[in-house]
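Descriptive structure summary
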Amino acid sequence: MMSIIKRSMSITLLILCVVGLSSSVPLNDVSSQKCGYESCTKVNQDELNVHIVPHTHDDVGWLKTVDQYYYGSRNNIQKAGVQYILDSVIKELWQDPKRRFIYVETAFFWMWWIRQSDDVRHKVHTLVRQGRLQFVGGAWSMNDEAASHYQSTIDQFTWGLKKLNETFGPCAIPRVGWQIDPFGHSREFASLLAAMGYDGLFLGRIDYQDKRARLKQKRMEMLWRGDDDLGKSSDIFTGALYNTYSPPPGFCFDVLCDDEPIIDDPNSPMFNVETRVASFIEICRNMSKSYETNNILVTMGEDFQYQDAAMWFINLDKLIQYTNIKSARDGLKIKLFYSTPDCYLKAVKDSNPTLPTKQDDFFPYASDPTAYWTGYFTSRPTTKFFERQGNDYLQMVKHLQVLGGLEEHNSFVLNELKSAMGVMQHHDAITGTEKQHVAHDYERLLDAAVEDALIVARQAFNKIAQRDALKQPLFSYDRCRFNESSCPTSENSRQFVVTIYNPVGWMVMEPIHVPVLDGTYEVYAPNGEKITSQLVDIPEPVKKIPTRKSKASHELVFIAKLHPLGVKSFYIKKTSKISKRDVVNTNEYYGNINDYWKNLHDNFVEIHNLDDTVDHKFKREQIPLPIMKVDAKVNIEKDINADILKDKDDNVDVEELERIIKETKLETIGKARSLDKKLNYPNLNEEELRMLADEALVVERADEDYLENEYMKIRMDNTGVTHMILPDRTTNLKVQLHYWTGCYGNNTNTHERSSGAYIFRPQTTVPYAMTYRNSGTVKGPIVQEYRAETKENAASVLRIYSGLNYFVHDFVVGPIPIEDKVGKEYVVRYDTNVVNNGEFYTDSNGRQMLKRKLNERPQWNLTLEEPIAGYYYPVTNKISIQDEQTRISILTDRSEGGSSLEEGNIELMLHRRLLHDDAFGVGEALDEVAEGKGLVMRGHHKLLNINPKNAVEVIAERKLVIQTHLQPIVFVSNSDNVDFDTWMKLDNCFKGMKELPNGLHLLTLEPWTKDSLLLRIENYVDKSNDSTIEIDLSEVFNNVKIISIKETTLAANRWVDDVEKWTWKVENEFSESFNLEYNNFNSVPRARADAGEATDDRLKIQIKAKQIRTFIAKYEMVAS
Ligand SMILES: [Zn+2]
C-alpha cells in the first residue's frame, strides 16, 4: 500500500516539477489529491467548531537581521531560528495526517527550501498537495500597510507567489491574507488582495475601541469594500482575530513558554486533563460569543515559535482528543480539530452569515488610550526614502531588461533586487520599528542589490547608445548621492555625460540638479543644442550633512524633457573655473509667527487704536506674550496658543486678524501704499485683477519679494512665504517648521508611556515653532529660491522652477538637538486659508484618497486621550485639504505621518529623534546617529494648488503624484575620453514607448519567462461616465511588439478566468462613495451594481476607473 502511494506521488511530482520549471504561468491542477478547501475537515454547523490553527510568526528582520533569524544566530537577543522551525514542523506534520500548519513568509520559506534534500522536498510536496501544509499570505514578507506603496506591495506578492507557484503549483496558492501583526490596515491593501483573487483577510491588530465595540456587537467579521470605484470586485471578507495572533492564555505549549503541558496519566499527581479541558472549553465558549457563526479560529503560535514543534503538536493532539471525548460524553456540542485560516473561512462561508460592511480603513491603530501607533509613519525617514529609491531602481531595471532585449541570465540580479525590496516591505522594515543594527542590515541588503542590478541598466544604456550590446562601454553610468548634493564623477570631470531614465509612460519635464564645483558650465541636449542651465550654490545646511563626502559647492540645474520610458543623455562641459553668480543675499530677518506676535505685542497701542476698522471682538482677548525660546521651559500651550485669539463663535480667522494688524501697523509707520494692482501685477488681465481685488492681503511692501514663474507668484515678506497667487485665485500660505517634544516615562502604565519608534506621544497640544532666519534668495532663468534656516538645525528652501506648476519645499532636518535630554519630532506646517471644516484627505498606499475628520472615526464613537497622535494618518504620497475653489495637496517623496490639526492647515512629520523606548518590543530608543551625530535627513515636498472641479487639473495632479513616486533616475559618467563630436554620433535619445493616453499608467513591465513579459496597466482616474479608457497593446512600445496576451489576477499567479468571486450576504448595501457619505449619512446613494466587464477586442483592451489589469504577454523585439 505504502509503495503504491509513493510511486504515484513521485509521478505526480515529476509532472509538477517539469511544469514548474518550464512555465511561470499559472498552472492547471495536475494533482488528484485534495488540497485547499477540499482538504478541510468537515464541520457540523450545529455544534461549535473550534479551528485549531498552529502557526508561527516569523518577522523578516526585527530584533535580529533576516540571516540571524534564519540561522538562529545571536540567540541572546531573541531565541529564534527559522530553519529549525521549518525542519521541526515538517517532521511533525509527517507524523500524523490530521496535523496542519500554515506558513506565511515566502522569503524565509525560500531560504529554507533551497537548502533541503530531495527527500525533504518530496515530503513537503506531499504535505502541500494534501493540504496539511498551507501557505497563507504568501508574499515575500508580511508587508506593512501604512508606509508601503501599492506598487511595491503588488511586486512583493507577485514575487512570493511566483516562487510558490513554480515550486508547488495550484495547491500552494494562498486563499487568505494573513496580516496578523501590521500596525493598522489600509483600505487599498484590501482592494489589492481582492484583485489578487484572495477570498478573505485576517487581521491581528485593530484599534482597541473598535475591537471592544466589535466584540460586543459580534462584528468581528465583515465584508470590506476596498475601493468605491471598483465596487463589488474589491470586496473581501475580513476577520479580526480574537487574541491578536497568540494562543489563549495558559495554552502556549512552545519551548519558549512556561504553560503547563497536558498531563494525561491519571496515576500522576500532576494529572490535569479535566481542568485543562474545562478551562479551554470555557475560553472557546467566550470567544464564540463575539463571532456570528458556529466557528471560531484559535491561533496556536507566536513570534518564532515551533522551533521544537513536537512540544506544540503533542499537547495539541491531546487537547483536541480529550476535549472531543468530553464533548461527546457530556453532549457539549463542541468539536476541536486541526485547521487552517482557509478552512475556517470556508466553514464560515458555508454557514452563510449576514456580514456588517466596512468602507473606511483601520488607521490609526491604538492599542490603548495612550498608545497611538502613528510615530512609525515617520520613524527612520532615510530608510523610508531609500526604500522608495529602491523601487525606482527596480522598475527601471525591469523595464530596461525588456526594452533592451537583454540576456536572460540577468534575471539573477533582478531577482536579488526583487527579494531585497520584498524584505523592505516587511512590517518592521519600512516602518522603522527594527533595532538599529537591523536597519543597517536592511540598507546593506538593498544597497548591494541595487548595485548588482544596475548592471542591467548599464548594459541597456550601452546597447542603446552604441546600437550594439557587444561594443566596449564608453561610459561608467555612476550612481550618485544626489540627496546629499554629492557626485564625485561630476565634481571631478571637466566634461561629463548625464544619462536619465524616465520610468513613467508619458513625457516628463524634470529639474535635474548635478553637484559640481564652482565654474561655468554648458549643457547640451541630444540634438547638440545648448540648453539653458543655472548654477546655484549649495545651501550650507546641505554641505554640513555629516555623511556627505563631497567637494561640490554648487549644483548645475537644468530642465530635462524626458520621453515615456525614455533614456536621454546630456553632454556637459565646464568652460571656466569662475561662475556667474545667481545668488542674491538679502538682509537677514526673522520670519516666524512668533515674531509676528512679537511685532503685534510691540504695536499693541496701535491695535487699540483700531476701533474704526476692526471689530471690537479682536481686542477683547488678552494677546499673549510671544516669547518662545527652545531651551526655555515654557508652558507652550499657555503661551502661544493661537486659538486664544480666535473667537470660536464668530470663526474669526487669525490670518484676517494678522492682515488687519499688519496693514494698520504699516499705515502707522508710514510704509503702506494704496494698492495699485496694475502696477503690481503687470501680467494680469482685468478679470484676474478683479479676482485679486477681493483678496485680503494684496498690499505690497518695501521688504516684499516674489518667486515667480508663468504659473504662480509666491509672495514673501518678513514672515516668509505669505501667498500663492495663481491666475484665478490667491491662497494664503505659510510654511513653518515646528517640533513636538516626546513624552517620556517608565512605561509601567499607560500614562507613563514614552514616545518611541512605534507610537507618537507629544507632551503638548501645540508644537514649538522654530524661528526662521532668511539665508538667501536665488533668482535665475531656471530656478528661484527663498532660503531660510532655524537655529534648531532645520533649514528650508522654497523653490519654483520655470515651466513647472508646483512649488517645492526642500528641507534638511537634523541633527535634532537633544542636549536638553528631550526627544523631539520635527514637523512642517502649511497654513492656508482653505476652509476645510476639519476634513482632510490622505492617500491609501499612494493610490485612493480617504477622507479624515477631526474628532471622529467613521464607525465608532471616539473617546480620545491623545488629541494629536490620534489624528495622525499615514501619508504614503499625498495629503490634501480643499474647499469649493481650492485644493492644496502636498506630495511627499517618502512615507510620512500627517494630519490637519487646525483649520486650513496641513502638518507632516519629517523626522524623529527620541531618547526612550516605547516598550512595544524593539527595546531601543529611536535615536539614529550617523558619523557620531544625530542623523540628518533631507527631503522635499511638492505643493500643488488646484481647482478640485477642474478635471484637467485633477488629472495633472494625479500624474504628478505618480511622477513623484517614480522619479527619473540620473547617472553621471566622466567623458574625458569621449569628446562632444563622438558623443553626438551616439544614440542619446531613446523612446521606450508611445505617450499613454491621460488616465493610464504603465504600472509593470517586467520579464516573465523567456518569451513572455508581465504587463500591468492601471487606470488612475475617478469613476465617471467616460472613465473607461481603451488602449491598443500592439501599439504601446516602440521596439517591443506584443503578440498575444492572457489576463491574470493582480499578482499574476492565477488566470483571471479561473477565479470565482465569493458573494456574501450583507447587513446593508454599500454607499456609492465613502468620502461623500462620511458626515453626510444617507444623503449619498447606495452603490449601484457594476456596469459589467470591460470589453476587449484582442489586443485592444478597456480599463475601467481605478482598475489595474495584469497580463502575461508573448512578444518579440522589433527594430524601433
Ligand atoms: Zn511581526
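Before any of the text, the structure's been laid out above.
Throughout this description, residue numbers start from 1 for each chain and increase along the sequence as written. Totals for whole chains, interfaces and linings use every residue, but because this is a predicted model, local features are given only for residues with pLDDT of at least 70 and side-chain atom pairs only at 80 or more, for both listing and counting. Calculated side-chain values reflect all of the structure's heavy atoms, with hydrogen atoms and water omitted.

Chemically, a disulfide is nothing more than a covalent bond linking the sulfur atoms of two cysteines. Disulfide: a pair of cysteine sulfur atoms within 2.5 Å of each other. Applying the stated criterion across every chain, the model contains four disulfides. Disulfide partner of Cys-40: Cys-343, at an S-S distance of 2.0 Å. Across the S-S bond linking Cys-40 and Cys-343, the dihedral sits near -85°, which makes this disulfide left-handed. Here Cys-40 is found in the loop between α1 (2–22) and β1 (48–54), whereas its partner Cys-343 is found in helix α11 (residues 341–350), with 303 residues between them in sequence. Disulfides within the protein chain link the bonded cysteines, taken in sequence order, as 1-3, 2-6, 4-5, 7-8. Helix and strand definitions follow DSSP, with helices as H or I runs of at least four residues and strands as E runs of at least two, each counted in order from the N terminus.

As for its placement among the helices and strands, Lys-358 is situated in strand β11 (residues 357–358). As used in this structure description, the phrase polar contact means that two N or O atoms lie within 3.5 Å; if the pair is within protein, one of them must be able to donate a hydrogen and the other to accept it, and residues adjacent in sequence are counted only when both atoms belong to side chains. Within polar-contact distance, the side chain of Lys-358 engages the side chain of Asp-360 at 2.9 Å. Sequence-distant contacts of Lys-358, defined by excluding residues within four places in its chain, comprise Arg-214, Met-222, Leu-223, Trp-224, Arg-225, Gln-859 and Phe-1070. The contact rule is simple, with two residues in contact once any of their heavy atoms fall within 4.5 Å.

This paragraph deals with the sheet that holds strand β6 (residues 221–225). Pairing between strands is defined by DSSP: at least two bridges between the two strands are required. One open sheet holds the five strands; their spatial order is β4-β5-β7-β6-β11, and the pairing between them is mixed. Looking at the sheet topology across the chains shown, the edges are occupied by β4 (176–179) and β11. As paired elements, β4 and strand β5 (residues 200–203) share four bridges and run parallel to each other. Among the inter-strand pairings, Val-176 is bridged to a residue of β5, identified as Gly-200.

Another point: the coordination of the zinc ion. Excluding water, the donors of a metal are its N, O and S neighbours within 2.8 Å, or within 3.2 Å for Na, K and Ca, and that exclusion means sites may look incomplete. Within the protein, the atoms that donate to the zinc ion are His-57 (NE2), Asp-59 (OD), Asp-181 (OD) and His-427 (NE2), at distances of 2.0 to 2.1 Å. Considering all four donor atoms around the zinc ion, the spread of angles at the metal, 91 to 163°, places the coordination shape in the irregular class. Its relative accessible area of 0% is what places His-57 among the buried residues. A site with four donors is called tetrahedral when every donor-metal-donor angle falls between 85 and 135 degrees; four donors are called square planar, and six octahedral, when opposite donors sit more than 155 degrees apart and all other angles fall between 65 and 115; any other arrangement is irregular. Buried means the residue's accessible area, taken with a 1.4 Å probe over protein chains only, is under 20% of the maximum for its type, while exposed means over 50%, and partly exposed covers the values in between.

What follows covers the environment of Leu-86. Tracing the backbone through its elements, the reader meets Leu-86 in helix α3 (residues 82–95). Sequence-distant contacts of Leu-86, that is, excluding residues within four places in its chain, are made with Tyr-103, Phe-108, Phe-109 and Trp-112.

Another aspect to go through is the packing of aromatic side chains. Any two rings among Phe, Tyr and Trp, with Trp reduced to its six-membered ring, count as a pair given centres within 6.5 Å; such a pair is stacked if its planes are under 30 degrees apart, edge-to-face if over 60, and tilted if neither. Tallying each qualifying case throughout the model produces 52 aromatic pairs. Taken together, a centroid distance of 6.5 Å and an interplanar angle of 50° make the contact between Tyr-242 and Tyr-291 tilted. With Tyr-242 in the loop between β7 (235–240) and α9 (273–288) and Tyr-291 in the loop between α9 and β8 (295–300), this residue pair connects regions lying 49 residues apart in the sequence. Taking the relative accessible area as the measure of exposure, Tyr-291 reaches 5% and is therefore buried. Among the aromatic residues, those joined into a cluster by ring pairs are Phe-101, Phe-251, Phe-253, Phe-280, Tyr-306, Trp-312, Phe-313 and Tyr-338. Here the basic side chain of Lys-573 rests over the ring of Phe-980, its NZ or CZ set 4.7 Å away from the ring centre. In this structure, Arg-847 is placed above the aromatic ring of Tyr-150, and the distance from its NZ or CZ to the ring centre is 5.4 Å. The criterion is that NZ of a Lys, or CZ of an Arg, lies within 6 Å of the ring centre and within 35 degrees of the ring normal, and then a charge sits over that ring.

Pro-364 follows Phe-363 through a cis peptide bond whose omega is -15°. Mapped onto the fold, Pro-364 is located in the loop between β11 and β12 (366–368). Positive phi, close to 55°, is recorded for Arg-467, a residue that is not glycine. Mapped onto the fold, Arg-467 is located in the loop between α14 (436–466) and β14 (478–479). On the basis of relative accessibility, which here comes to 55%, the residue Arg-467 falls in the exposed class. Even without glycine at this site, Ala-919 takes up a positive phi of about 65°. Its location among the elements puts Ala-919 in the loop between β39 (905–913) and β40 (929–930).

The nonpolar side chains of a soluble globular protein tend to be buried with one another. By nonpolar core is meant a set of buried Ala, Val, Leu, Ile, Met, Phe, Trp, Tyr and Cys residues that side-chain atoms within 4.5 Å join together. The biggest cluster of nonpolar side chains holds 226 residues, and the ones touching the most others in it are Met-396, Phe-807 and Phe-1037. Among the elements that take part in this core, α14 stands out by supplying 13 residues, more than any other. With residues up to four places along the chain from it excluded, the contact list for Met-396 reads Leu-454, Ala-457, Phe-461, Tyr-501, Ile-969 and Phe-971.

Bringing the packing of helix α6 (residues 150–168) against helix α7 (residues 187–195) into the picture now. Packed helices, taken two at a time, are described by their axes: the angle between them and the distance between them. Helix axes are fitted to C-alpha atoms over the stretch in contact, other axes to C-alpha atoms as well, and angles between N-to-C directions run from 0 to 180 degrees. Relative to each other, α6 and α7 sit at 35°, their axes nearing to 11 Å. Read as a crossing pair, α6 and α7 show a hand that is right-handed. Here Tyr-150, Thr-153, Ile-154 and Phe-157 of α6 lie close against α7, whose contacting residues are Glu-188, Phe-189, Leu-192 and Leu-193. Residue type decides the class: Asp, Glu, Lys and Arg count as charged, Ala, Val, Leu, Ile, Met, Phe, Trp, Tyr, Cys and Pro as nonpolar, and the leftover types, Gly among them, as polar. Along the lines of polarity and charge, the residues of the contact of α6 with α7 split into six nonpolar, one polar and one charged. In this scheme the crossing of two helices becomes right-handed for a clockwise turn of the near helix relative to the far one and left-handed for an anticlockwise turn of less than a right angle.

Taken in spatial order, the four strands make up an open sheet running β45-β46-β51-β48, and their pairing is antiparallel. Across the chains shown, the open sheet's two edge strands, defined by having one partner strand only, are β45 (1000–1009) and β48 (1040–1048). On average, adjacent strands in this sheet sit at an angle of 30° to one another, irrespective of strand direction. In this fold helix α12 (residues 381–403) packs onto β45, β46 (1012–1019), β48 and β51 (1108–1117), with an angle of close to 65° to the strand it touches most, β45.

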